[in-house]
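Below, each chain spelled out in residue letters.
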Amino acid sequence: MTLHAAAHLHPHLVVAPVRRRTFGSFVEHMARCVHTGVFEPGHPSADADGLRTDVLELVRELGVSSVRYPGGNFVSGYRWEDGVGPLEDRPVRRDLAWHSTEPNTFGLDEFMTWCDAADVEPMYAVNLGTRGTQEALDVLEYANGEVGTDLADHRALNGHPEPYDVRMWCLGNEMDGPWQLGHVPARDYGVLAAETARAMRRADPDLELVACGSSHSAMPTFGSWEQAVLEAGYDAIDMLSAHVYYRQEGEDRASYLASADDMDAYIDAVVATSDHVRALKGDDKHVMISFDEWNVVAARGDSGTEPSGDDWPVAPRFAESTYSAQDAVVVGSLLISLLRHTDRVASASQAQLVNVLAPIRTEPGGRAWRQSIFHPFALTSRHARGQVLQLDIDSPTTPTRKYGDSAVLDAVATWDADGGALTVFAVNRSADDVVDLGVPLLAFGNGTPLTVIEAALLNEKDPDVVNTAGRPDRVVPRAFEDVHLEDARLSASLPPISWAMIRLERRG
Ligand code: AHR
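Residue numbering note: each chain is counted from 1, following its sequence as written. Local features are withheld for residues below a pLDDT of 70 in this predicted model, meaning they are given only at 70 or higher, and side-chain atom pairs are given and counted only at 80 or more; totals for whole chains, interfaces and linings count all residues. Excluding hydrogens and water, the side-chain figures rest on all heavy atoms present in the structure.

Spelled out, the test is: UniProt positions are given in the numbering used here, feature names are shortened, and annotations may be inferred rather than shown by experiment.
Taking an unreviewed UniProt entry as the reference, the protein chain is identified by name as non-reducing end alpha-L-arabinofuranosidase belonging to Brachybacterium endophyticum. According to its UniProt record, the protein chain has this under Sequence similarities (unreviewed entry): "Belongs to the glycosyl hydrolase 51 family."

Structure below.
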């Protein structure tokens, strides 16, 4: 069946500017994200620092803006000092978060070198699980201090005299989760985060500080956790984190395809809670959201199993989702949700970057390749420019088990007035029906009409096909032929389970 949908937009009706930090990612000392992921001395592509240049090239192509590090659950038991200084002096330790052995051959300095090479902004998480305010101040001094004090001098001795000037700092990770080392009730964490933030601001008032929100909107403390943390430290923090991972449960494709409905509701709920506390406090500023872990998990599960018992391996292979065409469509749809909320989502990090639930996969000693989910991220990062426009979408709905009736068609558009460039990102979330989308563009007329200059479609007849090391380009975006522009009306026919990007420009 063919369904019909329309999207109405106007260049003057804007949400807020596109933020580069929406296109962040995450590198954690977990499984094979660091070791044999971004870092593999001895790999044929490794540079003098042991960084895999084949991975670096893909990271640049992906268009990643910022990278959160070193965890994740890992950070809540981590001693950052273990990862700096001469290699021969670095201790090997057990990582209790992932039941692994951490060799500490990659640490803060290597990460900063990697950020430089990848051309990304660092976002650093401090350990508020087993450590606290002093450790946060120490790592801040090591990273950002001018030479002349102890820890900044240590950095210089380690070969890095220039401060790294890290702007974004996470005050711990998922401290609401009982699985987290050092997990405490909301009020306790709120006070610790607020006091740590205030102390860090004495060193540098302009830091951008992220307190932990909930690790999922289905957490039993969701809402009350945010409120308690904000009440303790509204003045001291800039952002509150949000985390979510979606996966198809059983045969329930419809709910999975509608995951962005949940992300929309999640963001709206955190914004409401934050603004409620703002009103209580009579504060002027808005606390923003750092959606610093979001992604999908492959339905067929991940390769490998998390180690347990007497087995404490280095860089074990687990949590390696092999993503399908359908997963790529859902990732494209989640990016639409994040962009739509660009007024309140100030930063986001897809979790993670390499091997662990990641757009990039590698084999130790072998190749690196793009997973299906690489593509919507890369295209959105590259072509979302200017202002995010408000969209009024008129779409048929489809029933879903988890989210009730859900719009089949979702979309977002960005408008770069200077370049005269309009980009529409759209998703057909129906598993069965084609959607004919119409977008009136008269308001963009202004003498020189818009022309379609590129249209890309992610869609496979079999939505479950995947990219593998042997067939890394099985799922790629293709030219979207079914796009027309006539009488200032854009029309596109989106096949079931598809994501599309359509770029228009003023030419002439
Ligand atoms: O990204 C994997 C893990 O998921 C992170 O370590 C943790 O923060 C989350 O629960």
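1. Here's the deal with the overall build of the protein chain
Selection criterion: Helix and strand definitions follow DSSP, with helices as H or I runs of at least four residues and strands as E runs of at least two, each counted in order from the N terminus. Based on C-alpha atoms, the radius of gyration is set beside the globule rule, defined as 2.2 Å times the residue count to the power 0.38. The rule is simple: take the accessible area with a 1.4 Å probe, protein chains only, and divide by the maximum for that residue type; under 20% is buried, over 50% is exposed, in between is partly exposed. We call two residues contacting when some pair of their heavy atoms lies within 4.5 Å. Accessible surface is estimated by sampling points in the Shrake-Rupley manner with a 1.4 Å probe; for residues, cover comes only from the protein chains shown. His is not counted here, nor are the chain ends, while Lys and Arg score as positive and Asp and Glu score as negative. Charged groups are reduced to one reference atom each: NZ for lysine, CZ for arginine, CG for aspartic acid, CD for glutamic acid.
In terms of regular secondary structure, the protein chain is built from ten helices and 28 strands. Over its C-alpha atoms the protein chain spans a radius of gyration of 23 Å, differing by no more than 12% from the 23 Å that the globule rule assigns to 508 residues. Overall, the protein chain is about 70 × 60 × 45 Å in size when its C-alpha atoms are taken along their principal axes. By residue count, 60% of the 508 residues in the protein chain fall in the buried class. The long-range fraction of contacts in the protein chain, counting pairs at least 24 apart against all pairs at least 6 apart in sequence, stands at 76%. Carbon and sulfur atoms make up 50% of the accessible area of the protein chain, which totals about 19000 Å². Across the protein chain, the 43 positively charged side chains and the 76 negatively charged ones have centroids separated by 2 Å.

2. Some remarks on the domain arrangement of the protein chain
Note the cut-off: Source of the domain bounds: an automatic or database domain assignment. What counts as buried area is the accessible surface, traced by a 1.4 Å probe, that two parts surrender upon association, with contributions from both included. Only one rule defines a salt bridge in this text: a Lys or Arg side-chain nitrogen within 4 Å of an Asp or Glu carboxyl oxygen.
Each domain of the protein chain was delimited in the assignment, giving domain 1 (2-10 + 388-506) and domain 2 (19-383). Contact with domain 1, which involves 38 residues of that partner, is made by 36 residues of domain 2. Buried area between domain 1 and domain 2, summed over both chains or domains, comes out near 3200 Å², and the portion from carbon and sulfur atoms is 64%. The interface formed by domain 1 and domain 2 holds four salt bridges in total. For the salt bridge of Arg429 with Asp261, the shortest nitrogen-to-oxygen distance reads 3.0 Å.

3. Considerations on the pattern of salt bridges
For the structure shown, the criterion picks out 30 salt bridges. Glu320 serves as the salt-bridge partner of Arg32, at 2.7 Å between the closest nitrogen and oxygen. You can see Arg32 sitting in the loop between strand 3 (24-26) and helix 1 (53-62) and its partner Glu320 sitting in strand 13 (residues 320-321), a full 288 residues away along the chain. Both residues of the pair, Arg32 and Glu320, belong to the buried class. The shortest N-O distance in the salt bridge between Glu460 and Arg478 comes to 2.9 Å. A residue pair is termed long-range when its members are at least 10 positions apart, and Glu460 in the loop between strand 24 (450-458) and strand 25 (478-479) and Arg478 in strand 25 qualify at 18 residues. In this structure Glu460 comes out as buried when scored by relative accessible area, which is 9%. Salt bridges sharing common partners tie together Arg32, Arg317, Glu320, Arg361 and Glu363.

4. A short note on the sheet that holds strand 28 (residues 498-506)
Rule in force here: Note on pairing: two strands pair once DSSP finds at least 2 bridges between them. Only the contacting stretch of a helix is used when fitting its axis, a line to C-alpha atoms as for every element, and angles between N-to-C directions run 0 to 180 degrees.
Across the sheet, which stays open at both edges, the seven strands sit in the order 2-17-21-22-28-24-25 with antiparallel pairing between neighbours. Only two strands of the sheet have a single partner each, and these edge strands are strand 2 (14-17) and strand 25. Strands in contact with helix 10 (residues 374-383) are strand 21 (409-416), strand 22 (421-428), strand 24 and strand 28; relative to strand 28, the strand with the most contacts, it is inclined by about 20°.

5. What to know about the environment of Glu28
Our working rule: We call two N or O atoms a polar contact when they sit within 3.5 Å, provided that within protein one can donate a hydrogen and the other can accept it, with sequence-adjacent residues counted only if both atoms are side-chain atoms.
Its location among the elements puts Glu28 in the loop between strand 3 and helix 1. Residues within four places of Glu28 in sequence aside, it is in contact with Cys33, Val34, Pro70, Gly71, Gly72, Asn73, Phe74, Trp98 and Gln352. Of note is the side chain of Glu28, whose polar atom sits 2.9 Å from the backbone nitrogen of Phe74.

6. Section: helix 10
Three- or four-residue spacings in an α-helix give side chains the same orientation, since the helix completes a turn every 3.6 residues. Across the ten residues that make up helix 10, a large majority, nine, are buried. For helix 10, the full list of buried residues reads Phe374, His375, Pro376, Phe377, Ala378, Leu379, Thr380, Ser381 and His383.

7. Quick look at the site of the ligand
For the record, the criterion: Proximity is defined per residue: if any heavy atom of the residue lies within 4 Å of a molecule or strand, that residue is considered near it. Cavities and pockets were defined on a 1 Å grid built over protein atoms only: a cavity is a set of grid points that admits a 1.4 Å probe from which the probe cannot escape, a pocket is an open set flanked by protein on both sides within 12 Å along at least five of seven lines, and lining residues are those with an atom within 4 Å of any such point. Pocket occupancy is defined atom-wise: a molecule lies in a cavity or pocket when more than half of its atoms are within 2 Å of its grid points. Just so you know the grouping, Ala, Val, Leu, Ile, Met, Phe, Trp, Tyr, Cys and Pro go in nonpolar, Asp, Glu, Lys and Arg go in charged, and all remaining residues, Gly too, go in polar.
The immediate surroundings of the ligand are formed by Phe26, Glu28, Met30, Gly72, Asn73, Trp98, Asn173, Glu174, Tyr245, Glu293 and Gln352. Glu174 is positioned with one of its side-chain polar atoms (N or O) 2.7 Å from an oxygen atom of the ligand. A distance of 3.0 Å separates an oxygen atom of the ligand from a polar atom in the side chain of Gln352. In isolation the ligand has 280 Å² of accessible area, and contact with the protein removes 89% of it. For the ligand, the cavity whose grid points lie within 2 Å of the majority of its atoms is the largest pocket. Residues that form the shell around the ligand fall into these classes: four nonpolar, four polar and three charged.

8. Some points on the sheet that holds strand 9 (residues 208-211)
With respect to topology, eight strands assemble into a closed barrel ordered 3-4-7-8-9-10-11-14, the strand pairing being parallel. Adjacent strand axes in the sheet meet at a mean angle of 30° when their direction is disregarded. Bridge analysis of strand 7 (residues 121-126) against strand 8 (residues 168-171) gives four bridges, and the strand direction is parallel. When the sheet's bridge partners are listed, Val126 is paired in strand 8 with Leu171. Taken strand by strand, helix 8 (residues 259-281) contacts strand 10 (239-246), strand 11 (288-296) and strand 14 (345-351), and its axis lies near 160° from that of strand 10.

9. A word on empty space enclosed by the protein
The cut-off we apply is this: Grid points are joined across faces, edges and corners, and a volume is the space filled by probe spheres set on the points.
Using the criterion set out here, one finds two cavities of 30 Å³ or more in the structure. The space that makes up the largest cavity amounts to roughly 90 Å³. In terms of lining, the largest cavity is formed by 13 residues, of which the most central are His29, Ala31, His35, Glu102 and Ala315. Ranked by residues supplied to the lining of the largest cavity, first place goes to strand 6 (residues 100-102) with three residues.

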